[in-house]
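Fold and geometry: a report
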Amino acid sequence: MTTGPVDKRERLLPWVGAVLGVLWFLAAGGAPTLDPTNLDWMGAGDPAQHVLGWLHFRDAPWSFPLGRLPSLMHPHVMTVGFSDANPWVSLALKPFSRWLPRDFQFVGPWLALCLALQGFMAVKLLGLFTRQPLQRVLGAVLFVTAPVLLFRSGHDTLCAHWMLTAMLWLYLRPREDARAARRALRWALLLNLLAAGTHPYLTVMVFALSVALLVQAHREGHLSRAATGGVFLGLGLTVAIPFLVFGYLGQGVSTGASGFGFYSADLLTFINPLGWSRLLPALPITAGQYEGFGYLGTGALALGVVGFVGWLSAGRPRSWASVKPLLPLLLVTFALAVLGFSSTMTAAGKTVLTMRKLMEPVMPLLGAFRASGRFIWPLYYLLLTGVLALVLWRWRQRPIVATALLLGAVTLQVVDAPDVWSQTRFVGAPWPRLRAPAWEQVDASYRHITLVPPVIHGSQRPCVENGFPEYTYVRFGDLAYRQGLVTNSGYSARLNEPRVAEVCAALLEDIENGRLAEDTLYVVDTAKLPLFQRLGDRVTCGVLDGYTVCVTARDGRFREALRQAPPAPFPPSPAPSANTPP
C-alpha cells in the first residue's frame, strides 16, 4: 500500500533536478538566448559557425551525405556535421523550416536542455547511493553547477554532458539478471546513436563507457561471448552509420596530428579554477590547455577533502571484491584521461613526462581528436560521483550530517562561481549582418558570392591569406543565406588542405586571366584589387559596408547600385627602392 507514493516520488524527483538545471542556466544569464529569433549573442567564434551551418542546411536540398551544405564554402565538402550545427537537431527541424522565422537559432534552448538533462540524470545517479530526496537533489546541484559544463557553453554541442552522467548511471546501476543487463545495453545503444549525431568527441567517450558496461555485463555472467561480440558489433554500427550518413567519414578531409598535445589537459586541471573561483588562485597552463579545463568546483573540492578525512577516520569502506566490478569503468576512464593529458604531460604548465615516441605510431589516428583535453570529462564525473558516494557512505548512520555537508558544499559551489554571477557567459558579439540597402537589390541572375581570396577559417595555406576584417565569412555567409546565394568561404571543423590550396589557386588564375563569371559578386581584398581595376570597363566596382565589391559589366539593379556607391580605393603604390632612379 505504501509503494504508490514512493513510486510517484521516484518519478517526479528527477524532474526537480531538471528544473534546477534550468534555474542555473537562467542565473548565468541564459534567458535572452531562449528567444529563437535572437542571433545577437552568436556573432563570433564557434556559435557563428554553428548557426551558419544550420541556416544553410534548412534551405539545402536533400542529398547524401545527409546534411551536405552546397551553398556554404563551395566547392569544398561542407556538411552540417563539419559546421558543428548539431546534426540531429538540425535534421529534426529541417522539415519545419518553411514555418520557422528566417532568423532562427536553437542553440540557446539546446543549452537549457543540456542543463536540465544533467540535473535529471544526476538525481537518478545519486539514487544509487541514497534514497533521501534532499540528498539526491543537493548532489545533483553539484553536477549542474560543475564548472566544466557551463565553461563549454561557447561550443554548445559539447555541452551534452548528461550523456556521460547517464552512462555512469547505467554502469553503476545493479543488474540482477540478463534481462536487466540487456536493458542497460539498449539504453547505451541509444546514447551512442544520439552522441554520434551530436559531436564526435562525445561519441568516443560514450562509446568507451559503453564498452566498459558491455565488458562488465559479460563478467557478471549476463552475456555469452557470442552475445557480447554481437553487442560490440552493434555499438560499432550504431556509431559508424550516423558518421557516414552525416558525412563525418569518407569526405577526404583531415586535421593532421599537429594539434595533439597542444589542446591537452594539465595534470592539475581538477583543482585549477582558471578564474572560476574567488577563493583559489589560478595555476599556470600552456596556451591550448583551456580545452582541458576540468575544475571540480570549490564546493566539490571542499566536500572531497572532508570525505577523504572521514574515510581515513573510519577505515576502508570497501573490500577488494566490491571494487572489482568497477575495474572496466576505471580502466576506460583512466585511458581516456591519459589521452586528455596527451603525449606531453604537464603540471602547472611545466612538462613532467613526454611520451611522443611511444604515441608516434598512432598519431595519424589521434590527429582527428587533437583537442584531447576534453577526454578528461568521464574521469571528471567519476571523481565527482566518487566524492558524493564517499560522503554518503561515511555518514550513512548520521544522514543529517551528510545532508549538512552536501548543503555546505552546494552553497560554497554556487557562491564561488564569479563567472556565473557576472552574467557574462552568454554575452557574445552582435550578429554581423551587412546593412547597405544595395544588398537587397541583388538581381536574381547572381548565384555566387566569391571572396578573393577565399576566407577559409583555420586554413594554413598561404593562398587564402587576406586582409579582410574578422568574421567576414559570417557576414557573407549570412548574406548568401538571406539571398539564396552560394559562398566560397566558411568555417569547417575538418579541412582538405591540399584541396583548399587547389581551389584558391584556380580562382586566382581565372581572375589574373580576366575570366570572371557573370553570375558572381566578387568581394575583393585590397591586395587583389589591381587584378580587377586593370580590366577597366569590363567590371564595375564599389564599396558597400566597407567591402570592395566587383561585378562584370552586366546591366541590372545591383550594378547600378554599385555605380552609385563610393568608388573602390586604389591600393597605394609600393615605395621606390634605393636603386630606383627618380
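Calculation criteria
- Residues numbered from 1 in each chain as written.
- Predicted model: local features only at pLDDT ≥ 70, side-chain atom pairs only at ≥ 80, totals over all residues.
- Heavy atoms only, no water.
- Pairing = 2+ DSSP bridges.
- Helix = DSSP H or I, 4+ residues; strand = E, 2+ residues; numbered from the N terminus.
- Contact = heavy atoms within 4.5 Å.
- Axes fitted to C-alpha atoms, helices over the stretch in contact; angles between N-to-C directions.
- Phe/Tyr/Trp six-rings, centres within 6.5 Å; stacked < 30°, edge-to-face > 60°.
- Buried < 20%, exposed > 50% of the residue type's maximum accessible area, 1.4 Å probe, protein only.
- 1 Å grid on protein atoms, 1.4 Å probe; cavity = no way out; pocket = protein on both sides within 12 Å on 5 of 7 lines; lining within 4 Å.
- Points joined across faces, edges and corners; volume = space filled by probe spheres on them.
- Parallel < 35°, antiparallel > 145°, perpendicular 65-115°, else oblique.
- Core = buried A, V, L, I, M, F, W, Y, C linked by side-chain atoms within 4.5 Å.
- Disulfide = S-S within 2.5 Å.
- Salt bridge = Lys/Arg side-chain N within 4 Å of Asp/Glu carboxyl O.

1. Things to note about the sheet that holds strand β3 (residues 448–452)
An order of β5-β3-β7-β9-β8 is seen for the five strands of this open sheet, with the pairing classed as mixed. On the outer flanks of this sheet lie β5 (486–487) and β8 (539–544), each paired with one strand and no other. Across three bridges, the pairing between strand β7 (residues 520–524) and strand β9 (residues 547–552) is antiparallel. Within β9, the residue paired with Y522 across the bridge is C550. Contacts between helix α22 (residues 557–564) and the sheet are confined to β7, β8 and β9, with β8 contributing the most and set at about 65 degrees to the helix.

2. Digging into the packing of aromatic side chains
Taken as a whole and assessed by the stated rule, the structure comprises 28 aromatic pairs. Note on W54 and F106: the rings are 5.7 Å apart at their centroids and 70 degrees apart in plane angle, and the pair reads as edge-to-face. With W54 in helix α2 (residues 45–59) and F106 in the loop between α3 (87–93) and α4 (107–126), this residue pair connects regions lying 52 residues apart in the sequence. In terms of burial, W54 and F106 fall into one category: buried.

3. Some points on empty space enclosed by the protein
Here the idea is plain: a probe the size of a water molecule rolls over the atoms and shows the empty space left. Counting across every chain of the model gives three cavities of 30 Å³ or more. The volume enclosed by the largest cavity comes to roughly 40 Å³. Lining the largest cavity, in full, are A265, D266, T269, N272, L274, I285, Q289, G292 and F293.

4. Observations regarding the pairing of β3
Buried residues dominate β3, accounting for four of its five residues. In this sheet, β5 lies alongside β3 in parallel orientation, the contact comprising two bridges. Note that in β5 the partner of H448 across the bridge is V486. Across five bridges, β3 lies against β7 in parallel orientation. Paired with I449 across the two strands is L521, which belongs to β7.

5. Section: the packing of helix α7 (residues 162–172) against helix α9 (residues 200–219)
Orientation of α7 relative to α9, taken along the N-to-C sense of each, is 5 degrees, at an axis distance of 10 Å. One element, α7, and the other, α9, form an angle in the roughly parallel class. Contact with α7, carried on its side by M163, L164, M167, L170 and Y171, involves M205, V206, L209, S210, A212, L213 and Q216 of α9 and no other residues of that element.

6. Considering the nonpolar core
Counting residues in each nonpolar core, the largest one holds 173 residues, and the members touching the most others are Y381, W439, I449, F476, L521, F532 and F558. Per-element accounting of this core gives the leading share, 13 residues, to α4. With residues up to four places along the chain from it excluded, the contact list for W439 reads L434, F476, L479, Q483, L544, D545, V549 and F558.

7. A look at the state of the cysteines
Here, the word disulfide means a covalent bond between the sulfur atoms of two cysteines. What the rule picks out here adds up to two disulfides. Each disulfide pairs two cysteine sulfurs, and for C541 the partner residue is C550, the sulfurs being separated by 2.0 Å. Here the disulfide of C541 and C550 is right-handed, its torsion about the S-S bond being about 110 degrees. With a relative accessible area of 19%, C541 lands in the buried category. Judged by relative accessible area, which is 0%, C550 ranks as buried.

8. Remarks on the side chain of T450
With respect to the element layout, T450 can be found in strand β3. Every residue in contact with T450, bar those within four places of it in the chain, is listed here: N488, L507, T520, L521, Y522 and V523.

9. With respect to the pattern of salt bridges
Summed over the entire model, instances satisfying the criterion amount to 15 salt bridges. Here R563 and E560 are joined by a salt bridge, their closest N and O atoms 2.8 Å apart. Here the residue R563 and the residue E560 both occupy positions in helix α22, the gap between them amounting to three residues, near one helical turn. For R563, a relative accessible area of 45% gives the class partly exposed. Residue E560 is classed as partly exposed on the basis of its relative accessible area, which comes to 34%. Through salt bridges with shared partners, a single network forms among D103, R433, E440, D478 and R482.

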